[in-house]
Protein chains: 4
Amino acid sequence: MSGINKVILVGNLGADPEIRSTQSGDTVATLRIATSETWRDKQTGERMERTEWHRVILWRRLGEIAGQYLRKGSKVYIEGKLQTRKWTDQSGQDRYTTEIQGNELQMLDSRGSGEGDTTERPRESASYNRSTESPRAQAPAQSRAPEPHQDFDDDIPF
Amino acid sequence: MSGINKVILVGNLGADPEIRSTQSGDTVATLRIATSETWRDKQTGERMERTEWHRVILWRRLGEIAGQYLRKGSKVYIEGKLQTRKWTDQSGQDRYTTEIQGNELQMLDSRGSGEGDTTERPRESASYNRSTESPRAQAPAQSRAPEPHQDFDDDIPF
Amino acid sequence: MSGINKVILVGNLGADPEIRSTQSGDTVATLRIATSETWRDKQTGERMERTEWHRVILWRRLGEIAGQYLRKGSKVYIEGKLQTRKWTDQSGQDRYTTEIQGNELQMLDSRGSGEGDTTERPRESASYNRSTESPRAQAPAQSRAPEPHQDFDDDIPF
Amino acid sequence: MSGINKVILVGNLGADPEIRSTQSGDTVATLRIATSETWRDKQTGERMERTEWHRVILWRRLGEIAGQYLRKGSKVYIEGKLQTRKWTDQSGQDRYTTEIQGNELQMLDSRGSGEGDTTERPRESASYNRSTESPRAQAPAQSRAPEPHQDFDDDIPF
DNA sequence: TTTT
DNA sequence: TTTT
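Residues numbered from 1 in each chain as written. Chains lettered and ligands numbered in written order. Predicted model: local features only at pLDDT ≥ 70, side-chain atom pairs only at ≥ 80, totals over all residues. Heavy atoms only, no water.

Draft legend 1. Geometry of the overall build of chain A. Counting its secondary structure elements, chain A contains two helices and six strands. Mapped from its N terminus to its C terminus, chain A presents α and β elements in the order β-β-β-β-α-β-β-α. Across the 158 residues of chain A, 49% fall into the buried class. On chain A, roughly 7500 Å² of surface is accessible, and the fraction owed to carbon and sulfur atoms is 44%. (Helix = DSSP H or I, 4+ residues; strand = E, 2+ residues; numbered from the N terminus. Buried < 20%, exposed > 50% of the residue type's maximum accessible area, 1.4 Å probe, protein only. Areas by Shrake-Rupley, 256 points an atom, 1.4 Å probe, with all protein chains shown as cover.)

Draft legend 2. Representation of the interface of chain B and chain A. Counting residues at the interface gives 33 residues for chain B, matched by 33 residues for chain A. Each partner contributes to the roughly 2700 Å² buried at the junction of chain B and chain A, and carbon and sulfur atoms together form 43% of this total. For the pair chain B and chain A, the interface holds two salt bridges. Of the charged contacts in the structure, one is a salt bridge between A:K81 and B:E37, with a shortest N-O distance of 2.7 Å. Viewed at the interface, chain A and chain B are joined by 10 residue pairs in polar contact (both at pLDDT 80 or more). For the side of chain B that touches chain A, the secondary structure elements donating two or more residues are strand 1 (4–13), strand 3 (27–40), strand 4 (47–59), strand 5 (75–88) and strand 6 (94–107) of chain B. When residues of the side of chain B that touches chain A are assigned to their parent elements, the largest contribution, eight residues, is made by strand 1 of chain B. The class makeup of the residues in the side of chain B that touches chain A is nine nonpolar, 14 polar and 10 charged. Judged from the seven bridges that link them, strand 1 (residues 4–13) of chain A and strand 1 of chain B form a sheet pairing that is antiparallel. Bridging from a neighbouring strand, A:V10 pairs with B:I4 of strand 1 of chain B. (Contact = heavy atoms within 4.5 Å. Buried area = accessible area lost by both parts, 1.4 Å probe. Salt bridge = Lys/Arg side-chain N within 4 Å of Asp/Glu carboxyl O. Polar contact = N/O pair within 3.5 Å; in protein donor to acceptor, adjacent residues only side chain to side chain. Nonpolar A, V, L, I, M, F, W, Y, C, P; charged D, E, K, R; others polar. Pairing = 2+ DSSP bridges.)

Draft legend 3. Region of the structure containing the confidence of the model for chain A. Residues and elements named next belong to chain A. The predicted model of chain A averages 77 in pLDDT, with 68% of residues at 70 or higher. Segment residues 111–117 is flagged for pLDDT under 50; beyond a separation of four residues in sequence, or across chains, it makes 14 contacts in the model. Between residues 122–158, whose pLDDT stays under 50, and residues either more than four places distant or in other chains, the model counts 61 contacts. (pLDDT = per-residue confidence, 0-100.)

Draft legend 4. Just the relation of the copies chain B and chain A, in detail. Taken as rigid bodies, chain B and chain A are interconverted by a rotation of 180 degrees and an axial shift of 0.0 Å, the fit giving an RMSD of 0.1 Å. Here the symmetry operator amounts to a two-fold rotation axis. Closest to the rotation axis within chain B is the C-alpha of B:V7, separated from it by 2.2 Å. Here 97% of the contact residues of chain B are again contact residues in chain A; the copies associate through an equivalent surface. (Least-squares fit on C-alpha atoms with pLDDT ≥ 70 in both.)

Draft legend 5. Structural detail: the pairing of strand 4 of chain B. Residues and elements named next belong to chain B. Relative to strand 4, strand 3 runs antiparallel, the two sharing 13 bridges. Along strand 4, the bridge assignment pairs A29 with L58. Linkage of strand 3 to strand 4, two consecutive antiparallel strands, is achieved through a turn of six residues, within which G45 is found at a positive phi near 75 degrees. Two strands pair when backbone bridges link them, and strand 4 and strand 6 are joined in this way by two bridges, in the parallel orientation. Each residue of the ladder has a partner; that of I57, found in strand 6, is Q101.

Draft legend 6. Broad picture of the environment of D:Y77. Checked against the element boundaries, D:Y77 lands in strand 5 (residues 75–88). For D:Y77, the residues in contact, after removing those within four places along its chain, are A:V10, B:I4, B:K6, D:I8, D:L9, D:V10, D:E104, D:L105, D:Q106 and D:L108.

Draft legend 7. Region of interest: the pairing of strand 3 (residues 27–40) of chain A. Residue and element names in this part refer to chain A. Extensive coverage of strand 3 is indicated by the burial of 10 of its 14 residues. Alignment of strand 1 against strand 3, held across two bridges, turns out to be antiparallel. Across the sheet, the residue bridging to L13 is I33, located in strand 3. As defined by bridge partners, strand 2 (residues 18–21) adjoins strand 3 across four bridges and the pair is classed as antiparallel. Paired with E18 across the two strands is T30, which belongs to strand 3.

So this is what it looks like as structure tokens:
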């Protein structure tokens, strides 16, 4: 009943988005996003860099936009919330993966997007047209049909 | 050289802060913070709640303030960045834990804090006095058992 | 088609919320929120404080919640966007006022709220009941004198 | 002693940065940044757009970087805090202008910057070299010599 | 006054 | 695995 759980990222995709669909037909995109920070070492004066990798999940309309417009190297602004999910590895052990459930996506490359407001929200039937989904976002996704929210059929989900 | 990696949390501590020190004498506090969201189920009209747990690391002055002023149940505002670190479990397997490296802390309980600006920044020698460190933040920290979810060595707490 | 415009505040109300209604019946609340920062002067070692005042506008359900639960002194988390609007003063001169159009409100006082998720979003007809509006949020709002800093007409409060 | 006052913008410069210097020699840059939001009108289905203009102030090193690397049209990420300052117009009336005092700047154009971490912080004497200031940031600025923090000699400062 |  |  109380709480703020907010993540803001600006970074680049390390790979093309992975697009899947749930059995109920919802698109879900997984992005790997790198954020780098650089600084100069106080002692040596050397320039240092540290890259952090983030796993971002985008559902439905945002996932479709990601599948259509984002590629390896794309620069994006992402807003979302942290979610840690539990899964079981091959040896039966509990494992945890922390992901960012994105609710806002802005493409920052000048190539442009053709898309307007990409904040996630309840779909206004009039303004959203499923036929705009890219084939890429549909076909290969359907054939995997993972469970909603998780239990993706990867061996190494993180 | 590029990137924003920012987390903002408002939530409550699930336990007293764990306080440790590095060999070089730096204080490090680990907080477990819960953020909850509630909503009403569209179908059933039932009130739903989901709690997310976050692991927050506070270094040096912020860690000391946490040790001095925060307790189980304290409500806080935290700002920081995501960091996923790799560790090796007992069976020799690679494991990953995502933490928030906090750089700002605000206590939101009305009891107050006596502290002013708690943004982390390079220490101004004049205004910071190591002797203000609470005893609690120093000695007893070492004697606590490390948290099971980790393989902390007290000398290298992070 | 591009842009992020986000404000995050944690602060206290300097006065009870002002509640009004538009002709179309939408509630609008105006909050005056103070955020303070303190620091120690580098030269004198003196403790300094600076308070900043923010004008926050909350519409519809958020405005009603504000009217019902917030009072002078209440501590809140607000998220919203900046909006500068132009108005004309008595002498016919153009004037500008910058406000925060809030889209998220969290009450941070321990007294609690009884409210769950207060993120603004399209109203789900089932879960929202206009009869929950507080009387305070409706009738007396109209009778209040507009704030001097503005030239509000009660019919067009924004 | 309490409060969060944070602004996050991603937008484009409407004009080249204005660069000045205070009498004490500090560089100060003023940016005009546009953030746009677009949506589709529920009734007409028409695409709508609203642009908001922000006045961003960058001090010292950040101001110098802005003067060197930013131009009209540049896309930037800005983080800062809101500050409303009072000034007096020609007729002696009090006026108020709300600005964002920036403490983080990220250039989002692919042209690159040559700069690393641009978070504002106390200057590390070793790593900061005043001779890196661009001539553009110096010469024209000195001849105006406004007061620190405000009272710029513009007729229309907002 | 920017951008898509 | 990205980017500068």
